[in-house]
Amino acid sequence: MLDKIMDLLNKTDDVMYYPVLIIILASAGLYFSVRTGFVQLRMFKEACRLIVEKPSGQQKVSSFQALIVSTASRVGTGNIVGVSTAICLGGPGACFWMWLMCIIGASSAFMESTLAQIYKKKNKDGGCYGGPAYYIEQALGKPVIAAAFCIFLIATYAFGFNLLCSFNLQSSFAVYSFYNEKTTPAIIGVILAALVGFCLMGGGKRIISMTEKIVPFMGIAYVLISLIIIGANFRNVPHMFALIFRDAFDLRAIFGGLAGSCLVLGIKRGLYSNEAGVGSAPNASASADVTHPVKQGLVQTVSVYIDTILLCTATAFMCLSSGTPYNQEVSGAMYVQNSISTVFGGAGPVFITVAMVLFAFTTLLGNLYYVDNALIYLNGKKQPSKGFMTGFYTVCVVVVFAGALMQMDFAWTIADITMGCMTMINIPCCVMLSGQGIKALRDYEKQKKAGRDPEFHAADIGLDPSKLSFWK
C-alpha cells in the first residue's frame, strides 16, 4: 500500500515539475525580466542601498527586518542538503540550472513582493501586513483561490517543509559511529519536537533570541569554511567548472531521464531553497514600512541572491572542488560532511551538524510565521482562538517528530508537491497583475530621475485609492 502511494506521489511530482512548473517558472520569470528590463540585475545596486533605509517610525518594520525574516525562512537545511542531493542524484550540472533559475526567478520575487506591498493592509497600531492571499482576493476578486493558496501554504510550511527539515537534520548524524537507523532518528525527533513545542507554546524566548543572533554568524562562517576548502583545492577549480557546464549541457543525459536530470533537480532544489515565486516571502515583504512598494520588491531580489548565489554555491563549490565521490548513497548531509572532512578532518562533520541544527531550528519556527498569517486569513482575517492554536501547534510538533523518521524520497516528494501547488496559484496571479507592478516600477524610476525619494500614490498608476487599505 505504501509503495503504491509513494509511486503515485512520485508520478505527480514528476509531471508537476516537468513539464508544468518548468514551463510556468521559466516563462513567468522571463516575462517579468523582459517587461521590467531585467530589474533584478539592472537595479541591483539600488536594491542594496535600500536595504539600510530606515522606516518612518521606531516601531515600524524596516526593509532590512523584512529581508531578514524572508531570508531566515529561505536560508536553511536546503542550502546544504538540497544542493548535495541535486548534485548526487542529478549531477554537477544542477548547479548551472539552479543559478539560471535564481537570476530569472529574482524577477518573480520582485513582482510578488511589490504586489504584496501595493495591496497590504493596515493594523490598528499603524503597522501593515499582507501577502498573496490579499492581492488575489482584492485585486482579482478571487477569495476562493486566495483561500486555496492559504491551504497549500499551510500544507507546505507546517507539514511538507517541516517534515523535510526534521529529516534533513537527523540525516546529518548518519556519519557518526553512534548512529543507529532504528533508534537515533527517533531520539533526535523527540528532542527537536520538544524544543519546537516549548518555543511555540510560549516559552523559549531566550532560545529563539539566541539562535536568531547566532544563525547570521553561522551563515558567514559557513561561507568562510567553504572558501578555505575551495582554496585548499584550488587546482581542482578549473575542472570543477568544466564538470558543471559539461554536465549542464549534456543533452543526452538530460533528455534521457528528464525527471531525475540535473535540469529538473537544479530547478527543484533551487526553488525549494530560494522560494522565488512560491508566494511565501511576500508575507514578510508586506510588513515593511516603505514609501514606495517597489523599494521592498527590489530588496527581496537581494534575498534570493543571498540564498542561491552565495550559500547554495558555497555548498556546491566546497563539495565539487574537494573531489569527494558523489552518488545516491551519500546524497544529503553525508556528501557535504565527507567533503569538509578532507580539509578539517573529524571537526568538519561536527561543524556541518551544528550548522544544520541551527538552520533547522530557526527554519522550523520561521516556517510557522507564514502559517500564522494564512490561518488569520482563513479565520476571517482574525486571530484564531488560543485553544485552536494550541491544538494546531501540537499537530506541528508531531509533524516535526514524524519527519525525523521519514525516508528521504518521501520527505522530498511531499515538500516538492505542496510547494508546487503554491507556486501554480501564485505565479499566474502575479502574471495577471504584473501590469500594476510594472507601472509602479516606472513610477519609481521616474521619481528617482527627478531627484526625489519616491513616494507612492495609487492614482499615479491608475488604481482607485479607496480600494486600497494602506496607500492613498
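The preceding data block contains the structure.
So, here's what we can say about the structure. If you're wondering where the values come from, they're calculated on a predicted model, not measured in any experiment.

Brief notes about the overall build of the protein chain
So, point 1. Within the protein chain, the secondary structure is distributed over 20 helices and two strands.
So, point 2. When contacts within the protein chain are restricted to residue pairs at least 6 apart in sequence, long-range pairs at least 24 apart make up 82% of them.
So, point 3. Roughly 19,400 Å² of accessible area belongs to the protein chain as shown, and the carbon and sulfur atoms make up 66% of that amount.

Concerning helix H6 (residues 94-118)
So, point 1. Under the 1.5 Å per step criterion, the end-to-end length of H6 is 35 Å for 25 residues, consistent within 8% with the ideal 36 Å.
So, point 2. Maximal helix bending in H6 amounts to about 30 degrees, located at Ile104.
So, point 3. For H6, a buried count of 23 out of 25 residues is recorded, marking the element as mostly surrounded by other parts of the structure.

As for unusual backbone geometry
So, point 1. Phi at Phe38 takes a positive value of approximately 55 degrees, unusual for a residue other than glycine.
So, point 2. Locating Phe38 in the fold gives a position in the loop between helix H1 (2-35) and helix H2 (39-42).
So, point 3. Here the phi dihedral of Lys381 falls at roughly 65 degrees; this positive angle occurs in a residue that is not glycine.
So, point 4. Mapped onto the fold, Lys381 is located in the loop between helix H17 (347-378) and helix H18 (386-404).

Re the side chain of Ser285
So, point 1. In this structure, Ser285 sits in helix H14 (residues 281-285).
So, point 2. Among the polar contacts made by the side chain of Ser285, one reaches the side chain of Gln300 at a distance of 3.4 Å.

Some details on the packing of aromatic side chains
So, point 1. Within the structure shown, the criterion is met by 21 aromatic pairs.
So, point 2. Ring centres of Phe44 and Tyr305 lie 5.7 Å apart, and the angle between their planes is 65 degrees; this geometry places the pair in the edge-to-face category. Residue Phe44 is located in helix H3 (residues 44-51), and its partner Tyr305 is located in helix H15 (residues 293-322); the two are separated by 261 residues in the primary sequence.
So, point 3. According to the relative accessible area criterion, Phe44 is partly exposed, its value standing at 36%.
So, point 4. With a centroid separation of 5.5 Å and 5 degrees between ring planes, the pair formed by Tyr176 and Phe178 is classed as stacked.
So, point 5. An aromatic cluster is present here, built from Phe96, Trp97, Trp99, Phe241, Phe245, Phe249 and Phe317 joined pairwise through their rings.
So, point 6. Over the aromatic face of Phe470 sits the side chain of Lys120, whose NZ or CZ is 4.1 Å from the ring centroid.

Considering the nonpolar core
So, point 1. If you look at the biggest cluster of nonpolar residues, it comprises 133 residues, and the most contacted ones within it are Tyr222, Leu298 and Val371.
So, point 2. With 16 residues, H17 is the single largest residue contributor to this core.
So, point 3. When neighbours within four sequence positions are excluded, Tyr222 is seen to be in contact with Asn79, Ile80, Leu311, Ala314, Thr315, Met318, Val336, Phe351 and Ile352.
So, point 4. With six residues, the next largest nonpolar core counts Cys102, Ala106, Ala109 and Ala276 among its residues.

Remarks on the packing of helix H5 (residues 81-90) against helix H16 (residues 333-344)
Helix-helix packing is described using two parameters, namely the angle between the two axes and the distance between the axes.
So, point 1. Axis separation between H5 and H16 bottoms out at 7 Å; the angle between their running directions is 95 degrees. Between H5 and H16, the angle falls in the class roughly perpendicular. For the pair H5 and H16, the contacting residues are Val81, Ser84, Ile87 and Cys88 in the first and Ala333, Tyr335 and Val336 in the second.
So, point 2. A class-by-class count of the residues in the contact of H5 with H16 yields six nonpolar, one polar and no charged.

Here is what the cut-offs are and how they apply
- Residues numbered from 1 in each chain as written.
- Predicted model: local features only at pLDDT ≥ 70, side-chain atom pairs only at ≥ 80, totals over all residues.
- Heavy atoms only, no water.
- Helix = DSSP H or I, 4+ residues; strand = E, 2+ residues; numbered from the N terminus.
- Contact = heavy atoms within 4.5 Å.
- Areas by Shrake-Rupley, 256 points an atom, 1.4 Å probe, with all protein chains shown as cover.
- Expected span 1.5 Å × (residues − 1).
- Bend = angle between axes of the 7 residues up to and from the residue.
- Buried < 20%, exposed > 50% of the residue type's maximum accessible area, 1.4 Å probe, protein only.
- Polar contact = N/O pair within 3.5 Å; in protein donor to acceptor, adjacent residues only side chain to side chain.
- Phe/Tyr/Trp six-rings, centres within 6.5 Å; stacked < 30°, edge-to-face > 60°.
- Lys NZ or Arg CZ within 6 Å of the ring centre and 35° of its normal.
- Core = buried A, V, L, I, M, F, W, Y, C linked by side-chain atoms within 4.5 Å.
- Axes fitted to C-alpha atoms, helices over the stretch in contact; angles between N-to-C directions.
- Parallel < 35°, antiparallel > 145°, perpendicular 65-115°, else oblique.
- Nonpolar A, V, L, I, M, F, W, Y, C, P; charged D, E, K, R; others polar.

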